[in-house]
Amino acid sequence: MNKPVIAIGLDAAEPSVLEKWMSQGHLQTMRRLRDQGTYGRLKNFEAFSAETPWTTFLTGCSPHTTGYWSPLGFREGSYECYTKAAYDYSEYPPFYALGEDYRVAVFDMPQTRLSEKVNGPQVLAWGAHSPQVASGSLPASLFQELVDKHGEHPGLHKDYAVCLDLKGTLRLRKVLETGISRRATICQDLLQRGSWDLFLTVFGEAHALGHNFWQLSQPEHPLYEHFSSRVSGDPMLEGFQAIDRAIGKILAKAPKDAHVVIFSAHGMGPNTMDTPSTTFLPEFLYRLSFPGKFGLANGTELGTPPEPIITKMKWNYWERHLWGTKYDPNAIKRFLRREMPTKLFKLIEPWLDSSQEPDLISPFRLAKQTDVVPFQPAAWYAPVWHKMKAFALPSFSEGYIRINLQGREPQGLVPESEYDAFCDELIQKLYALKDARKGVPMVKDIIRTRKSPTERNCKLSDADLVLVWQDEYATDVVESPDVGRIGPVPHYRSGSHRPEGFIIANGPGIASGVDFGGGHALDLPPTILELMGAPIPEYFEGKPLPLLAKELVNG
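The numbers attached to residues start from 1 for each chain and follow its sequence in the written order. Per-residue local features of the predicted model are confined to residues with pLDDT of at least 70, and side-chain atom pairs are confined, for both listing and counting, to 80 or more; whole-chain, interface and lining totals are unaffected and use all residues. Hydrogens and water molecules were not included; the side-chain quantities draw on all heavy atoms of the structure.

Caption draft 1: Focus on the overall build of the protein. Of the regular secondary structure elements, the protein holds 18 helices and 20 strands. Only C-alpha atoms enter the radius of gyration; for comparison, a globular chain is expected to reach 2.2 Å times N to the power 0.38, where N is the number of residues. Computed over the C-alpha atoms, the radius of gyration of the protein is 24 Å, within 12% of the 24 Å expected from 2.2 N^0.38 for a compact globule of 555 residues. Structurally, the protein occupies a C-alpha span of about 75 × 55 × 45 Å along its principal axes. Looking at the 555 residues of the protein, the share that counts as buried comes to 61%. We call two residues in contact when some of their heavy atoms are within 4.5 Å. Considering only residue pairs separated by 6 or more positions, the protein has 69% of its internal contacts joining residues 24 or more positions apart. To qualify as a helix, a DSSP run of H or I must reach at least 4 residues; to qualify as a strand, a run of E must reach at least 2; elements of each kind are numbered from the N terminus. Think of it in three bands: with a 1.4 Å probe and only protein chains considered, a residue is buried below 20% of the maximum accessible area for its type, exposed above 50%, and partly exposed in between.

Below you can see the structure in the form of structure tokens.
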């Protein structure tokens, strides 16, 4: 007889931090499961570290195979972005879509879609972080039934705050605590409604804890010294302790002979990518395209000490503060944009930002035109993309550069014959970009996504160049010998993604007290299917991890 599998994901939980907390006795349920079972870290792809991990987990395929690189798309033949949301799973279905032979229950898995090939209940977008689908369930009535019985998740689409807004950040404590508690109760309910071959849920609250509380928990964050003394306890640790207790409650209702898999497909660290991708990169490319001009956050002269780190925003929300740094040759407009209270500012903003020539568009005007990330500074440069040789696409992780290529873009500026030489020149300039406080090179790696400028494979990324940023320091100000200094700018989220997850496995036949070394996130779906005794698709790119005692002995 196959044993049931209870798989519980901790979205973006950082293994190095959890290992420390387990060793200190803070996460007792996970430590017990680890001590009595098998543990290992899991690598994931270094680029696209925020957008693709869950699709990789769900399909068992790399982004190169699925063609899914981001929930945002760039519409070729225009200079417009659009929302794709979750992968459509038509070519590669979720690994748990096993048909009638297996009973499967899925609760609040992020970035998946309802599937008619799942024999059991599915509930999506109850409280997942960035679910990328609308709330719903199969059967259709189940979602509202669970909400009526147990409550909604108070953090759905509202599990974020700007890290400089301490009051707003701390309000999330109760929101996430409530969500964790209700998730545990709903999972206990669903576990008792049937005999499941697989029960799968994910704590999206782990994702929100890392994004919002890193500066209050981990000393390596540059804001830790300023904020941690103003907070009682460690909100991130306390949130993970609540998750740890919730896992214990869920497993109390699981079959005694179940295999238990606790996992994360990727991790978290101090935020080294949000500001570089959303602000520094688009401004860098703007200044390269328009020598002598500045868009946002023109800093002090090179060779002088940078201004102090920003610990308080002038208008208490990030977009307003950043837009206040927009350069204008008119000193009065610069003053009003920076100093005028927001209510009055919105009234005169059309006059302030009127221009006969294409220019950056304010987030307030952009929000009236589109719902595609109007809060991201990279999108504010879209009106001038057609006049730039290269521009930054909106991103939730690494930096994405699109070359304004002749024959591909409507008003392309870079001839195909010059594409490679232009990319080489741009790459050289990007590698010279440094953090202005530490002198750390900003760019760790640059990936060229096309072998030639004419390559049109529909599964390629929209970006021609992908920048993997350094992960040593959460930067707020950068400098370049080519474009000068950009910033300081306020930090937005304090935590950002890292390409490493983990697995804890426990249950019948699984080795006890063993660290098997490591694997890849692609190995998670075949591992779960093997534990279920279910067939593993030939197209999977990973292989089952050696969790069973006999496998480790034979290995």
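Caption draft 2: A look at the packing of helix H6 (residues 166-191) against helix H9 (residues 235-252). Between N-to-C directions, angles cover 0 to 180 degrees, with each direction set by a line fitted to C-alpha atoms, over the stretch in contact for helices. Packing of H6 against H9 leaves a shortest axis separation of 9 Å and a crossing angle of 10°. Accordingly, the angle class assigned to the pair H6 and H9 is roughly parallel. Here H6 contributes Leu170, Arg173, Ile180, Ala184, Cys187, Gln188 and Leu191 to the contact with H9, which in turn contributes Pro235, Glu238, Gly239, Ala242, Ile243, Ala246, Lys249 and Ile250. The residue makeup of the contact of H6 with H9, split by class, is 10 nonpolar, two polar and three charged. These descriptions rest on fixed angle ranges, namely under 35 degrees for roughly parallel, over 145 for roughly antiparallel, 65 to 115 for roughly perpendicular, and the rest for oblique. Here the nonpolar group is Ala, Val, Leu, Ile, Met, Phe, Trp, Tyr, Cys and Pro; Asp, Glu, Lys and Arg are the charged ones; every other residue, Gly included, is treated as polar.

Caption draft 3: The arrangement of the packing of helix H12 (residues 331-339) against helix H13 (residues 342-352) in detail. Axis separation between H12 and H13 bottoms out at 11 Å; the angle between their running directions is 150°. The orientation of H12 relative to H13 falls into the category roughly antiparallel. Every pair of crossing elements has a handedness; the one defined by H12 and H13 is left-handed. Counting all contacts with H12, which are made through Lys333, Leu336 and Arg337, the residues of H13 involved are Phe345, Ile348, Trp351 and Leu352. Of the residues assigned to the contact of H12 with H13, the class counts are five nonpolar, no polar and two charged. Each crossing gets its hand from how the near helix is turned against the far one by less than a right angle, where anticlockwise is left-handed and clockwise is right-handed.

Caption draft 4: Up close: helix H1 (residues 15-23). Listing the buried residues of H1 in full gives Pro15, Val17, Leu18, Glu19, Trp21 and Met22. Just downstream of H1, Gly25 is the residue with a positive phi angle, here 85°.

Caption draft 5: Highlighting the sheet that holds strand E11 (residues 390-393). In this analysis, strands are considered paired if DSSP registers two or more bridges between them. Read from one edge to the other, the open sheet built from four strands follows the order E11-E12-E15-E14, with strand pairing classed as antiparallel. For this open sheet the edge positions go to E11 and strand E14 (443-448), each flanked by a neighbour on one side alone. On average, each strand axis in the sheet is inclined to that of its neighbour by 25°, with strand direction left out of account. Pairing analysis gives five bridges linking E14 to strand E15 (residues 465-469), with the strands arranged antiparallel. By the bridge assignment for E15, Ile447 is matched with Val466. Lying over the sheet, helix H10 (residues 274-289) contacts E11, strand E12 (399-403) and E15, oriented at roughly 165° with respect to E11. Lying over the sheet, helix H16 (residues 419-431) contacts E11, E12, E14 and E15, oriented at roughly 170° with respect to E14.

Caption draft 6: Inspection of the packing of aromatic side chains at higher detail. Classification of ring pairs rests on two measures: the distance between centres of Phe, Tyr or Trp rings, Trp counted by its six-membered ring, which must be within 6.5 Å, and the angle between planes, read as stacked under 30 degrees, edge-to-face over 60 and tilted in between. A full pass over the atoms with the stated rule returns 24 aromatic pairs. Aromatic side chains Tyr68 and Tyr87 sit 6.1 Å apart centroid to centroid with 65° between the ring planes, which places their arrangement in the edge-to-face category. With Tyr68 in the loop between helix H4 (63-66) and strand E3 (72-75) and Tyr87 in the loop between strand E4 (80-83) and strand E5 (104-107), this residue pair connects regions lying 19 residues apart in the sequence. Considered together, Tyr68 and Tyr87 belong to a single accessibility category, that of buried residues. The interplanar angle of 65° and the centroid separation of 5.6 Å between the aromatic rings of Tyr286 and Tyr381 together place this pair among those described as edge-to-face. You can see Tyr286 sitting in helix H10 and its partner Tyr381 sitting in the loop between helix H15 (377-380) and E11, a full 95 residues away along the chain. The residue whose ring lies beneath Lys293 is Phe290, and the NZ or CZ to ring-centre distance is 5.4 Å. Over a ring means this: the NZ of a Lys or the CZ of an Arg is within 6 Å of the ring centre and within 35 degrees of the ring normal.

Caption draft 7: Focus on the pairing of strand E19 (residues 500-506). Judged by how many residues are buried, E19 sits mostly within the fold: six of seven residues are covered. Note: strand E2 (residues 38-43) against E19, six bridges, orientation antiparallel. Across the sheet, Leu42 pairs through a bridge with Gly501, a residue of E19. As defined by bridge partners, strand E9 (residues 259-264) adjoins E19 across five bridges and the pair is classed as antiparallel. Its bridge partner lying in E19, Ser264 is registered against Phe502.

Caption draft 8: Up close: the pattern of salt bridges. The term salt bridge refers to a pairing of a side-chain nitrogen on Lys or Arg with a carboxyl oxygen on Asp or Glu at a separation within 4 Å. Scanning the entire structure with this criterion turns up 32 salt bridges. Between Glu283 and Arg287 there is a salt bridge, with its nearest N and O atoms 2.7 Å apart. Note that Glu283 and Arg287 are positioned in helix H10 at a spacing of four residues, about one turn of the helix. The pair formed by Glu283 and Arg287 is uniform in burial state, with each residue classed as buried. Salt-bridge contacts for Arg402 lead to Glu409; the nearest nitrogen and oxygen are separated by 2.8 Å. With respect to class, Arg402 is no different from Glu409; both count as buried. Counted as one network, the salt bridges with shared partners bring together Glu76, Arg402, Arg408, Glu409, Arg450, Arg456 and Asp464.

Caption draft 9: Focus on the pairing of E4. Bridge analysis of E3 against E4 gives four bridges, and the strand direction is antiparallel. Looking at E4, one finds that Phe74 is bridged to Cys81. Where E3 folds back onto E4 in an antiparallel hairpin, the turn is made up of four residues, including Gly77, whose phi is positive at roughly 95°.

Caption draft 10: Up close: the nonpolar core. Core analysis: the biggest nonpolar cluster contains 125 residues, and Leu10, Phe240, Ile262, Ile401 and Leu426 have the highest contact counts within it. When sequence neighbours within four positions are dropped, the list of residues in contact with Leu426 reads Phe284, Leu285, Leu288, Ala390, Ile401, Ile403 and Leu465. What we call a nonpolar core is a set of buried Ala, Val, Leu, Ile, Met, Phe, Trp, Tyr and Cys residues that are connected through their side-chain atoms within 4.5 Å. Grouped together as the second largest cluster of nonpolar side chains are 40 residues, Leu42, Tyr92, Leu198 and Leu200 included.

Caption draft 11: Region of the structure containing unusual backbone geometry. Following Leu138, the chain continues to Pro139 via a peptide bond in cis, the omega torsion being -5°. With respect to the helices and strands, the residue Pro139 is situated in the loop between strand E7 (136-138) and helix H5 (142-150). A cis geometry characterises the amide bond from Gly487 onward to Pro488, with omega recorded as 10°. Mapped onto the fold, Pro488 is located in the loop between strand E17 (484-486) and strand E18 (495-498). In the Ramachandran plot, Ala125 falls in the positive-phi region, its phi being about 55° despite a non-glycine side chain.

All we've got here are geometric facts, nothing functional implied.
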